[in-house]
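A closer look at the structure
Take a look at the letters that make up each chain.
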Amino acid sequence: MRIIVTKDYEDMSKKAAAIIAAQVVSKPDCVLGLATGSTPIGTYKNLVKWYEEGTLDFSAVKTVNLDEYRGLPRDNDQSYYYFMHDHLFNHVNIDVANTNVPDGTNPDAEQEAERYEALIASYGGQDLQLLGIGHNGHIGFNEPSDSFDKITHCVDLQESTIEANKRFFATIDDVPKQAYTMGIGTIMKAKKILILANGEGKADIVAKAFFGPVTPQVPASILQFHPDVTVVVDEAAAAKLPR
Ligand code: F6R
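Residues numbered from 1 in each chain as written. Predicted model: local features only at pLDDT ≥ 70, side-chain atom pairs only at ≥ 80, totals over all residues. Heavy atoms only, no water.

1. Focus: the overall build of the protein
The line we're drawing: A run of H or I in DSSP counts as a helix once it spans at least four residues, and a run of E counts as a strand once it spans at least two, with each numbered from the N terminus. The globule rule used for comparison is 2.2 Å times the number of residues to the exponent 0.38, while the radius of gyration itself is calculated over C-alpha atoms. Throughout this description, buried means an accessible area under 20% of the type-specific maximum (1.4 Å probe, protein chains only), exposed means over 50%, and partly exposed covers the range between.
Assigned secondary structure in the protein consists of 7 helices and 10 strands. Relative to the 2.2 N^0.38 estimate, which gives 18 Å for 243 residues, the radius of gyration of the protein is 17 Å and therefore close to what a compact globule would have. Each principal axis of the C-alpha atoms in the protein carries an extent, and together these give about 45 × 40 × 35 Å. Here the protein holds 243 residues, and the buried ones make up 52% of them.

2. Remarks on the pattern of salt bridges
Here is the rule we go by: Salt bridge, as used here, is a side-chain nitrogen of Lys or Arg placed within 4 Å of a carboxyl oxygen of Asp or Glu.
Counted by the stated rule, this structure contains 8 salt bridges. Close ionic contact of E112 with R115 constitutes a salt bridge, the shortest N to O distance being 2.7 Å. Residue E112 and its partner R115 are located together in helix α4 (residues 109-122), separated by 3 residues, close to a single helical turn. A residue is classified by how much of its surface remains accessible, and E112, at 1% relative accessible area, is buried. Among the residues examined, R115 registers a relative accessible area of 35% and is labelled partly exposed. Shared partners join several salt bridges into a network, and the residues in it are K27, D127 and K191.

3. Some remarks on the packing of helix α2 (residues 41-52) against helix α3 (residues 80-87)
Selection criterion: Lines are fitted to the C-alpha atoms to define the axes, a helix being fitted only along its stretch in contact, and any angle between axes, read from their N-to-C directions, falls within 0 to 180 degrees. Angular relationships are summarised with four words: roughly parallel below 35 degrees, roughly antiparallel beyond 145, roughly perpendicular across 65 to 115, and oblique for the angles in between. Note on contacts: a residue pair is in contact if any heavy atoms of the two residues lie within 4.5 Å. Any residue that is not Ala, Val, Leu, Ile, Met, Phe, Trp, Tyr, Cys, Pro, Asp, Glu, Lys or Arg is counted as polar, Gly included; the first ten are nonpolar and the last four charged.
Following both chains from N to C, one finds α2 and α3 inclined at 40°, their axes separated by 10 Å at the closest point. In terms of orientation, α2 lies oblique with respect to α3. Facing I41, Y44 and V48 of α2, the residues of α3 in contact are F83, M84 and H87. Classifying every residue of the contact of α2 with α3 gives 5 nonpolar, 1 polar and no charged.

4. A word on the packing of aromatic side chains
Inclusion rule: In this analysis, rings of Phe, Tyr and Trp, with Trp reduced to its six-membered ring, are considered paired at centre separations within 6.5 Å, and the interplanar angle assigns stacked below 30 degrees, edge-to-face beyond 60, and tilted for intermediate values.
Following the criterion strictly, the structure yields 3 aromatic pairs and no others. Centroid distance Y69 to Y80: 5.0 Å. Interplanar angle 45°. Geometry classified as tilted. Of this pair, Y69 sits in strand β4 (residues 67-69) while Y80 sits in helix α3, and the two are 11 residues apart along the sequence. An identical accessibility class is assigned to Y69 and Y80; each is buried. Relative to F141, the ring of Y80 has its centre 6.2 Å away and its plane inclined at 5°; by these criteria the two rings are stacked. Placement of the pair is Y80 in helix α3 and F141 in the loop between β6 (128-131) and β7 (153-156), with a sequence separation of 61 residues. Members of the aromatic cluster, each reached through a chain of ring pairs, are Y69, Y80 and F141.

5. Some points on the layout of surface pockets
Here is the rule: Any residue with an atom within 4 Å of a point lines the site, the site being either a cavity, points on a 1 Å grid over the protein atoms alone where a 1.4 Å probe fits but cannot get out, or a pocket, an open set with protein on both sides within 12 Å along at least 5 of 7 lines. Grid points are joined across faces, edges and corners, and a volume is the space filled by probe spheres set on the points.
Here the largest pocket is characterised by a volume of approximately 1000 Å³. Around the largest pocket, the lining comprises 36 residues; the ones closest to its centre are G37, S38, Y80, H138 and N165. Those elements that place two or more of their residues in the lining of the largest pocket are β4, α3 and α5 (159-165). Element by element, the count of residues in the lining of the largest pocket is highest for α3, at 5 residues.

6. What to know about the nonpolar core
Which entries qualify depends on this criterion: The definition of a nonpolar core used throughout is a set of buried Ala, Val, Leu, Ile, Met, Phe, Trp, Tyr and Cys residues joined through side-chain atoms within 4.5 Å.
Within the largest apolar cluster, 32 residues are counted, with the highest numbers of intra-cluster contacts made by L131, I139, I195, L223 and V233. Looking at this core, the elements that each hand over two or more residues are α4, α6 (184-188), β9 (192-197), α7 (203-211) and β10 (229-234). Ignoring any residue separated from it by four or fewer positions in sequence, one finds I195 in contact with L131, G132, I133, I139, F210, L223, V229, T230, V231 and V232. Among the nonpolar cores identified, the runner-up in size contains 27 residues, and A17, V48, W50 and L128 belong to it.

7. Observations concerning the sheet that holds strand β3 (residues 62-65)
Each strand in a sheet pairs with another by means of backbone hydrogen bonds, the pair being arranged parallel or else antiparallel. Filter applied, for reference: A pair of strands counts as paired when DSSP detects no fewer than two bridges linking them.
With parallel pairing, 7 strands are arranged side by side in an open sheet as β1-β10-β9-β6-β2-β3-β5. Edge positions in the sheet fall to β1 (2-6) and β5 (99-100), since each has one partner strand and no second.

In structure tokens:
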């Protein structure tokens, strides 16, 4: 595991984007596993900038996103489909047919999970999987539990997540109660993993995930067993790492 500590969020975003850019340059038809949330927004901004400057070409890149709310249509501005188009896909020359987010509107949850897992396998898996980390150590929507979920599946969101998300919706009834997520096994199959964290609020979980015991109670801790992981964290998130 390589740990890169950066000055601040800007610096983290630049270094993370540079790692993704190196992947796209060295294998133009690579498969990128992508994440949403506040952490990667700056990374996507840099990728868009380097595309605009002519440094990056996304025309042959394929993408698979980690997760999506169940029940939200693509045009809902809280859907991860919308987020990815808003922050990246609309601004680079990627072929939208090569971008994939679980379909939140498929009424058959089991079929959707199976379809998505098979799609990732048909691509030969992710060359590089980008991840953020939740305050409780979740990756994707894989929350702390007694075992590691292997493949893409539908999860019931925790009450605390529903409560935290309600500010983005008109009423609490509009907040999705379930989501699709790649499993821990789907994530671990990626050839390379790039995980980002910033801010002092992530310092405890970053230390726990990468230096604590490997346990499904801290889902990101499983990454200690992956052969090619790069952790890029700003100084604030790195504050509790052993020196
Ligand atoms: C996003 C995802 C989540 C986030 C995590 C951190 O697709 O799967 O695991 O990466 O919740 O979120 P932020 O970046 O908002 O702190």
